[in-house]
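For reference, the chains in residue letters:
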Protein chains: 2
Amino acid sequence: MKNIPDMEILFELADLFKVFGDSTRLRIMHTLFEDEHSVGEIAENLNMEQSTISHQLRVLRTNKLVKVRREGKQIYYSLDDDHVKRIIEMGLDHVLE
Amino acid sequence: MKNIPDMEILFELADLFKVFGDSTRLRIMHTLFEDEHSVGEIAENLNMEQSTISHQLRVLRTNKLVKVRREGKQIYYSLDDDHVKRIIEMGLDHVLE
DNA sequence: TGAACATATGAATAACTGTTCATATTTCAT
DNA sequence: ATGAAATATGAACAGTTATTCATATGTTCA
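Residues numbered from 1 in each chain as written. Chains lettered and ligands numbered in written order. Predicted model: local features only at pLDDT ≥ 70, side-chain atom pairs only at ≥ 80, totals over all residues. Heavy atoms only, no water.

Visitor: Would you mind showing me how to read the pairing of strand β2 (residues 66-71) of chain B here?
Guide: The two faces of the sheet receive side chains in turn, since in a regular strand these alternate between them. All names here are of chain B. When β2 meets strand β3 (residues 74-79), the two strands line up antiparallel, connected through six bridges. The partner of Lys67 across the bridge, within β3, is Ser78. Connecting β2 to the antiparallel partner β3 that follows it, the hairpin turn spans two residues, and Gly72 within it adopts a positive phi of roughly 65°. (Pairing = 2+ DSSP bridges. Helix = DSSP H or I, 4+ residues; strand = E, 2+ residues; numbered from the N terminus.)

Below is the structure:
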């Protein structure tokens, strides 16, 4: 295994996992697995309030898990990098056993 | 990537990540990376109340992330399987970039 | 059996977090 | 410019959760 993470890093790490520890955010990320989507599309897809999705997208954005692209009135979100997918898949391995 | 997880599984997955999303639990798991340890050892190591550690160990136990072995008065905890390490290391990859 | 030690548990509290409602901001089309 | 559409933001509320204190349970040893 890698170097032993010091305490401060473990706090950062906890913050990261906290972001994954909410089903709404997880469902949003899952929605973005294949393609980018606008806020409205995500809200409709998950059948939740636009406001709720927007709030949660901000959390994901703040934590650099999604990135943004504006196109006219719509704002398209997509996964920021491959870590997101891999972290989720790693968790799935544990859940699906 | 694997099959698309259905909604119910995403809820379970969120619950799993929730467990990782607390620094005390993460520090406990990190303490157990190399060796098993008793509750008292962990508490001393992290400089936290025995009661706090015990409560959090129960959460970890409930979620099958640690396992237990009794030896006299002491109870020794260790990581349950390799997923734990791998999930943490995967998260570290993202934090340490 | 009783004292001492290790761990677990329950109740209480304080802090945090997700959702909703209302409203603000931004952009486009007319 | 004005209205409509898409998204963001702020305040409030309800539900959740981590920690602490006090105490209970279980184990060993004399």
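Now that the structure has been shown, the text picks up again.
Visitor: How should I be thinking about the relation of the copies chain A and chain B in this particular structure?
Guide: For the pair of chain copies, the relating transformation is a rotation about an axis with a translation along it. Superposing chain A onto chain B takes a rotation of 180° plus a shift of 0.0 Å along the axis, which leaves an RMSD of 0.0 Å. Taken together, the rotation angle and the small translation identify this as a two-fold axis. (Least-squares fit on C-alpha atoms with pLDDT ≥ 70 in both.)

Visitor: Sorry if this is basic, but what is going on with the protein's contact with DNA strand C here?
Guide: Near DNA strand C there are 26 residues, and of these Thr24, Arg25 and Ser51 of chain A together with His55 and Tyr77 of chain B occur at the shortest range. Here, DNA strand C places atoms within 4 Å of the protein, and 66% of those atoms are sugar or phosphate. A distance of 2.9 Å is found between a base nitrogen of DNA strand C and a side-chain nitrogen or oxygen belonging to Gln50 of chain B. Mapped by element, the contributors of at least two residues to the surface near DNA strand C are α2 (23-31) and α4 (50-62) of chain A together with α3 (39-46), α4 (50-62) and β3 of chain B. (Near = heavy atom within 4 Å. Polar contact = N/O pair within 3.5 Å; in protein donor to acceptor, adjacent residues only side chain to side chain.)

Visitor: I tried to follow the nonpolar core on my own but got confused; where do I start?
Guide: Of all hydrophobic cores here, the largest spans 60 residues; its most connected members are Phe20 of chain A together with Phe20 of chain B. Beyond its immediate stretch of four places on either side in the chain, Phe20 of chain B contacts Ala14 and Phe17 of chain A together with Leu26, Met29, Leu65, Val84, Ile87 and Ile88 of chain B. (Core = buried A, V, L, I, M, F, W, Y, C linked by side-chain atoms within 4.5 Å. Buried < 20%, exposed > 50% of the residue type's maximum accessible area, 1.4 Å probe, protein only. Contact = heavy atoms within 4.5 Å.)

Visitor: Can you help me understand the protein's contact with DNA strand D in this one?
Guide: In the vicinity of DNA strand D lie 25 residues, with Gly40 and Tyr77 of chain A together with Thr24, Arg25 and Ser51 of chain B positioned nearest. When the atoms of DNA strand D within 4 Å of the protein are grouped by moiety, sugar and phosphate amount to 67% of the total. One of the backbone N or O atoms of Ile75 of chain A is found 3.3 Å from a phosphate oxygen in DNA strand D. Within the contact set of DNA strand D, a base nitrogen lies 2.7 Å away from a side-chain nitrogen or oxygen of Ser51 of chain B. At the level of secondary structure, the elements contributing two or more residues to the surface near DNA strand D comprise α3 (39-46), α4 and β3 (74-79) of chain A together with α2 (23-31) and α4 of chain B. If one sorts the elements of the surface near DNA strand D by residue count, α4 of chain A sits on top with six residues. Residues that form the surface near DNA strand D fall into these classes: four nonpolar, 13 polar and eight charged. (Nonpolar A, V, L, I, M, F, W, Y, C, P; charged D, E, K, R; others polar.)

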